[in-house]
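Remarks on the overall topology
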Amino acid sequence: MPASDDRPERAGVRGGEGQRARAKERRVGPWLFRALVYGFLLVMAIYVLFPFAWMLSTALKTESEALAIPPTWIPRTPTLDSVIGIWVRKNFALYFFNSTVVSLATALLSVFFGSLAGYGFSRFRFPGRQFLMGFFLATQMLPGVLLVGPYFKMLNAVGLYDTRTGLVIAFLTICLPFATWTMKGFIDGVPVEMDEAALVDGCNRLSVFFRVILPVLGPAMVASILFAFLLAWGDLLWALCLTTSEGMITVTLGIARTVGEFRIIWPMLMAGSLLGGLPAILLYLFLQRFLVAGLTAGALKD
Amino acid sequence: MRRRHILGLVLVTAISVAALVAAFPVGAQQRVILRFSDWHLTEDVWNKSLTEGIAIFEKRFPHIKVQTEPVSYREKETKYTVESAAGKAPDVMHLHAFSLPAFYEKGYALDLTPFIEKEGKGFLDAWYPLPLELVKYKGRVHAMPGDYMTMVLVCNTDMVNAAGVSPEKFPATWEGFLDFAKKATKPGQQWGLGMVGAKDPGFSLRFSPFLWTFGGDYLTADLKRSALDTPEAKEAFAYFVELSSNHKVVPPGATSANPQDVRTQLAHKKIACEIGSGWTAPIVNKINPDLRAFEVLRAYPLPVKKKRATAIWLSSWIIGPNTKHPNEAWELMKFITSKEMELKWFKDNRVTSSRKDVSGVAPEILNDKFAKVIAAELPYGKVEPQIREWPEIMDVFTGAVQEALTGAKTADRALADAHSRINAILARRR
Amino acid sequence: MCLSVATARSTSIRTGYLFVLPALLLLLAVLGFPALWSLGLSFRAEGRDGFSLEQYRLLLEDSLFHQTFWNTGLLVGLSVAAHLGLGLAVALPLNLPLRGQATLRLVALLPWVVPDVVAGIIWKWLYNPLNGALNDVLVRLGLLTTPLDWLGAGHLPLVSVILANVWRGFPFVMLILLAGLQAIPRERYEAASIDGANALQRFRHITLPGLRKMLVVSLALDTVWEVRRFGLIQAMTQGGPGNLTEVLSTLVYKQYFAFFRFEYASAIAVVMAAVLLIVSLPYIRMISQEE
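Fair warning: this is a prediction, and the values are worked out from it, not measured in the lab. (Residues numbered from 1 in each chain as written. Chains lettered and ligands numbered in written order. Predicted model: local features only at pLDDT ≥ 70, side-chain atom pairs only at ≥ 80, totals over all residues. Heavy atoms only, no water.)

Attention now goes to the overall build of chain A. Counting its regular elements, chain A contains 15 helices and zero strands. When burial is assessed residue by residue, chain A has 60% of its 302 residues classed as buried. Partitioning the contacts of chain A with sequence separation of at least 6, the portion at a separation of at least 24 is 73%. (Helix = DSSP H or I, 4+ residues; strand = E, 2+ residues; numbered from the N terminus. Buried < 20%, exposed > 50% of the residue type's maximum accessible area, 1.4 Å probe, protein only. Contact = heavy atoms within 4.5 Å.)

Okay, the overall build of chain C next. A tally of regular secondary structure across chain C gives 12 helices and zero strands. Its helices and strands taken in sequence order, chain C reads α-α-α-α-α-α-α-α-α-α-α-α from the N to the C terminus. Each of the three principal axes of chain C carries a C-alpha extent, and together these read 65 × 65 × 25 Å. Look at the contacts in chain C between residues 6 or more apart in sequence, and 68% of them connect residues 24 or more apart.

Now for the pattern of salt bridges. Residue and element names in this part refer to chain B. Scanning the model with the defined rule gives 39 salt bridges over all chains in all. One salt bridge in this structure joins Lys344 and Glu52, with 2.5 Å as the shortest N-O distance. Placement of Lys344 in helix α15 (residues 339-349) and of Glu52 in helix α2 (residues 44-60) is noted, with a sequence separation of 292 residues between them. On the accessibility criterion, Glu52 (32% relative accessible area) is partly exposed. With a shortest N-O distance of 3.4 Å, Glu105 and Arg388 are connected by a salt bridge. Linking Glu105 in helix α4 (residues 100-105) with Arg388 in the loop between β12 (381-382) and α19 (390-406), this pair joins segments that are 283 residues apart in sequence. One network of salt bridges, with partners in common, ties together Lys48, Glu52, Lys344 and Asp348. (Salt bridge = Lys/Arg side-chain N within 4 Å of Asp/Glu carboxyl O.)

Now for the side chain of C:Thr237. Its place among the elements puts C:Thr237 in the loop between α10 (231-236) and α11 (248-258). Apart from the residues within four sequence positions on either side, C:Thr237 is in contact with C:Leu151, C:Val161 and C:Thr245.

Taken together, the contact pairs 120 residues of chain A with 110 residues of chain C. Taken over both partners, the interface formed by chain A and chain C buries close to 10900 Å², and the fraction arising from carbon and sulfur atoms is 77%. Among the residues of chain A in contact with chain C, A:Tyr47, A:Met141 and A:Leu146 are the three that bury the most area, contributing 7% of the side total. We note a salt bridge from C:Lys213 to A:Asp188, for which the minimum N-O separation is 3.2 Å. For the pair chain A and chain C, the number of links is 11 residue pairs in polar contact (both at pLDDT 80 or more). Residues that form the side of chain A that touches chain C fall into these classes: 88 nonpolar, 20 polar and 12 charged. (Buried area = accessible area lost by both parts, 1.4 Å probe. Polar contact = N/O pair within 3.5 Å; in protein donor to acceptor, adjacent residues only side chain to side chain. Nonpolar A, V, L, I, M, F, W, Y, C, P; charged D, E, K, R; others polar.)

Moving on: the side chain of B:Thr310. All names here are of chain B. You can see Thr310 is positioned in strand β11 (residues 310-319). Given the relative accessible area of 1%, Thr310 is considered buried. Thr310 has contacts with Thr150, Met151, Pro209, Trp212, Leu302, Glu377, Tyr380, Gly381 and Lys382, leaving out every residue within four places of it along the chain.

Residue and element names in this part refer to chain B. Two numbers describe how α2 lies on α15: the axes approach to 10 Å, and their chain directions differ by 155 degrees. Relative to α15, α2 is oriented roughly antiparallel. Every pair of crossing elements has a handedness; the one defined by α2 and α15 is right-handed. Residue-level inspection shows Val45, Trp46, Ser49, Leu50, Glu52, Gly53, Ile56 and Arg60 of α2 in contact with α15, the latter providing Glu340, Met341, Lys344, Trp345, Asp348 and Asn349. When the residues that make up the contact of α2 with α15 are grouped by side-chain class, the tally is six nonpolar, three polar and five charged. (Axes fitted to C-alpha atoms, helices over the stretch in contact; angles between N-to-C directions. Parallel < 35°, antiparallel > 145°, perpendicular 65-115°, else oblique. Left-handed = near helix turned anticlockwise from the far one by under 90°.)

Moving on, we get to the domain arrangement of chain A. Residue and element names in this part refer to chain A. Domain assignment breaks chain A into domain 1 (15-59) and domain 2 (86-301). Each partner contributes to the interface: domain 1 provides five residues, whereas domain 2 provides six residues. With both sides pooled, the region where domain 1 packs onto domain 2 buries about 480 Å², and carbon together with sulfur makes up 88% of that total. Of all residues in domain 1, the largest losses of buried area upon contact with domain 2 belong to Met55, Thr58 and Ala59, amounting jointly to 82% of the total for that side. Along the contact surface separating domain 1 from domain 2 lie zero salt bridges. Across the side of domain 1 that touches domain 2, the residue classes break down as four nonpolar, one polar and no charged. (Domains from an automatic or database assignment.)

A separate point is the state of the cysteines. By definition, a disulfide links the sulfur atoms of two cysteines through a covalent bond. Counted by the stated rule, this structure contains one disulfide over all chains. Note on cysteine connectivity: B:Cys155 is disulfide-linked to B:Cys273, with sulfurs 2.1 Å apart. For the disulfide bridge between B:Cys155 and B:Cys273, the dihedral angle about the S-S bond is near 110 degrees, and by the sign convention the bridge is right-handed. With B:Cys155 in strand β7 (residues 152-156) and B:Cys273 in strand β9 (residues 271-276), this pair connects stretches of sequence that are 118 residues apart. For B:Cys273, a relative accessible area of 0% puts it in the buried group. Lacking any disulfide linkage, A:Cys175 is separated from the closest cysteine sulfur, that of A:Cys241, by 18 Å. (Disulfide = S-S within 2.5 Å.)

Moving on to the packing of helix α9 (residues 199-228) of chain C against helix α12 (residues 262-288) of chain C. Residue and element names in this part refer to chain C. Contact geometry of α9 with α12 gives a least axis separation of 10 Å together with a crossing angle of 175 degrees. Put simply, α9 runs roughly antiparallel to α12. From α9, Arg212, Lys213, Val216, Val217, Leu219, Ala220, Val224, Val227 and Arg228 reach across to α12, where they touch Met272, Leu276, Tyr283, Met286 and Ile287. Considering only residue class, the contact of α9 with α12 consists of 11 nonpolar, no polar and three charged.

Next up on the list: a nonpolar patch on the surface. Side chains of A:Leu80, A:Ile84, A:Trp87 and A:Val88 sit close together on the surface and give an oily, nonpolar patch of about 420 Å² of accessible area. With respect to the helices and strands, the residue A:Trp87 is situated in helix α4 (residues 81-88). (Patch = residues over 30% accessible without salt bridge, like charges linked within 9 Å, V, L, I, M, F, W, Y side chains within 5 Å. Areas by Shrake-Rupley, 256 points an atom, 1.4 Å probe, with all protein chains shown as cover.)

All right, on to the sheet that holds strand β8 (residues 191-193) of chain B then. Residues and elements named next belong to chain B. Across the sheet, four strands lie side by side as β8-β9-β7-β10; this open sheet has mixed pairing. If you trace the sheet from one side to the other, it starts and ends with β8 and β10 (297-300), each paired once. The average angle at which neighbouring strand axes cross in this sheet is 25 degrees, direction not considered. Pairing geometry for β7 and β9, over four bridges, is antiparallel. Looking at β9, one finds that Val152 is bridged to Gly276. Across the sheet, helix α11 (residues 259-267) lies against β7, β9 and β10, angled at about 145 degrees from β9, the strand it touches most. (Pairing = 2+ DSSP bridges.)

Let us now look at the confidence of the model for chain C. Predicted coordinates in areas of low pLDDT are best not read in detail. Confidence in the prediction for chain C averages 88 pLDDT; 96% of positions are at 70 or higher. Overall, residues 1-7 of chain C carries pLDDT values under 50, and its contacts beyond four positions in sequence, including any with other chains, amount to four contacts. (pLDDT = per-residue confidence, 0-100.)

Right, let's get into α9(C). The sharpest bend along α9(C) reaches about 50 degrees and sits at C:Arg212. A side-chain oxygen of the first residue of α9(C) lies 3.2 Å from the backbone nitrogen of C:Leu200; this N-cap is C:Asn198. (Bend = angle between axes of the 7 residues up to and from the residue.)

On to the interface of chain C and chain B. Interfaces are often described in size by the accessible area the parts lose on coming together. On the side of chain B, 29 residues touch chain C, which itself brings 28 residues to the contact. Among the residues of chain C in contact with chain B, C:Leu130, C:Phe259 and C:Phe260 are the three that bury the most area, contributing 26% of the side total. For the pair chain C and chain B, the interface holds three salt bridges. Residues B:Asp395 and C:Lys254 are paired through a salt bridge, measuring 2.8 Å at the closest nitrogen-oxygen approach.

Set out below in structure tokens:
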């Protein structure tokens, strides 16, 4: 796979030259190469979107049409009943609130502490560093199924059972090591000269971290924030066991409840799943500006 | 600046007052709050029915407030286990019969014997003997029986007619049934029987009747060894598997089909018959109202090879062992399983009761096209062995059925492997 | 002012610890008790107090455990390989200034927003031989004559589970690798172009080495995550048909919540964690080693 090599040469081009360069950056490589790339991306898009097409079609069907044999693709009697039903008949507004609070808190906390630790691991050579890196990864190796029992007892003992705070603490144990590893890997790629330049200018390490490193961590942060957000959003087991009252129900738990003993309410399940994905998509759209096209020389010189 | 101070002061006062009010509810009467959990609370029709029932209960016992905690069907054991292990289970929980032995043994179900003794002699006489046996552990009652139904064959009479068989003279033997199923099958379009082959709690309910009517059983009478090496068991197993592999009278995909998939097939005329019970017609009607399920469907006793038998569905109620209000919890449980309420559950949800004075006498049940067949089969009903290892044994057994259905192993080989693995599981117990 | 060179070293060790400390304390506080509790439980015979190796002995004899162990290796190995392959193959073009780049990036991320339990439920339905959308489309397009039993025929369930798992899992790897690509300073490409390196050479000598750290990170994290992955397989096959798709995480769940063998489930989890740790040692060394 030939790759990310024909980079736009935005730096240093001005005026008319820039116009031509920008025209050029839309044309990546020879036409055959472009055709192949677009062809491949098209196949990827079909693979990715196929289940979504089915979810959307089902969400707009009546419950009986959803189970028709053979299946229909364009709903015969399209209805917004399920889309409305999850807000009216089920308490999805509340579930969205709970999930959003829990997921955002998990994402922000884990990314903040994770990038601090990642910076520590990347820039300092202290004894036990390798052991601690291993320890952070090792915390992920016990299956969640086994942790949930002890978590319940601990949260209960400190009065955090059935609270959003309790859930955030539980999710942090997964997201924090993840963020640390991702940040460490990313910071390794950030030239050390950047730190040194700032240190020479008289900054202490903490302000180097906040003023120099944090601003260029964008792409890795997008990955870590999304990971933490989606993990907390999509978890079923812990939300199921660590909360119990209706006021604490998360979206995924609400979706799981449409799978009953005697019937699966497919249109509602699909409507819930599609709408349940929206906050993450909005979050990504907000974050995507940090997915820049590579570290620029400017970051080094400033 | 000053304004902010005042605002803060007001806020602090408001919060303290709110906290005080919350901590000491107005009025001397302390209301007892009971936590009540049931998977039915997540289902529209049942939820309505239960909510109405609870409203009646709260009116009769004004000092008790019932707080409902819905849990989805699949996740209930998981949730109850974690909560029970931490001593924080709901006060009243609804369970399947097959989870009971494990819950008894782990101490997750309160001993109800003292309450029953207090109710006076003969309190339990209203129930059928079999369910009463299942709620006992080491001679003590730890649960109260709820729904009680037998599995029957539910067929689409239009398709039965179309296959050239009169719905009045439906085959009563498995040989006869196979003939019918072949006639009712049009390859690639419709099939004689819907088959549940997924790892699902509904599997054993729909497989056991085959084994038992052929005269076989899962375990020996003392429950210490596997009985899957008997000729009867082999014959039943082979018959079941060959319905799919040789005769192809069941639709493809049996190993991942759960009861709901099979009901969908019935609703869309893809299969002529399935093994179901009282819940089948209402759900099928919901899946496809055009079928006119209540008119077209009909219930039959299961075909027989050696002896008449069927599987029993039983649900039951337990009280959490750490409940702070055992007396109130018992009142709630007594109310839920009362004659009055059991009849309401039937009327609303078409489940027959484990109370003789409901299922055996209520005209509503005896005149119902489906319920009367189900109630008539109760004397032939049988339950799976009530031992703690049962879920594990069933998992092994379902795996064997799947291996035979997919052709990964021959039927004989799969059954023989299951036999030895089940013996190994039982050996661990000794 | 800048610190003097002499004090810099000792201070820098302390500063390093300080950066790592908050995260470390949080992890120890929350995970310490559960980890020790599980470890202790695994050294206990059922229904008896006191130390016992009973569970580990049972584990050695349990053929289901052995099969599950290799199943896990196979499923995780193939899934992770596919995640990395597809993730890289998609990340590379999505780092190019293509028309529609932003939309395509969003599309590639979409499966990730579906909770994995829900993804399992949906894919199971797509695979249904009677009313599944996948068979329906393939038959309509003439690619199949009769519907396939995706979750029931021969070894096909393995492929079907992996196909669903790759769908749900590759966006995560793709995004990490995209972040990695963006950390490669642009000047290196410019310098190489001036030196006359062609596209393939630049990929081999700049992109791959620059991406190495993030490849290792995503390999390690994805492996650990795939071994833990539970909801998707549980919702699709529950380990069936037979035990074809049974993996350690579904086995632990089953032993714990369906069979109520808490001690045995803990022993399986401890072995699983130990094996994972051994497997990931090279990655830990690679990621923490100096340039």
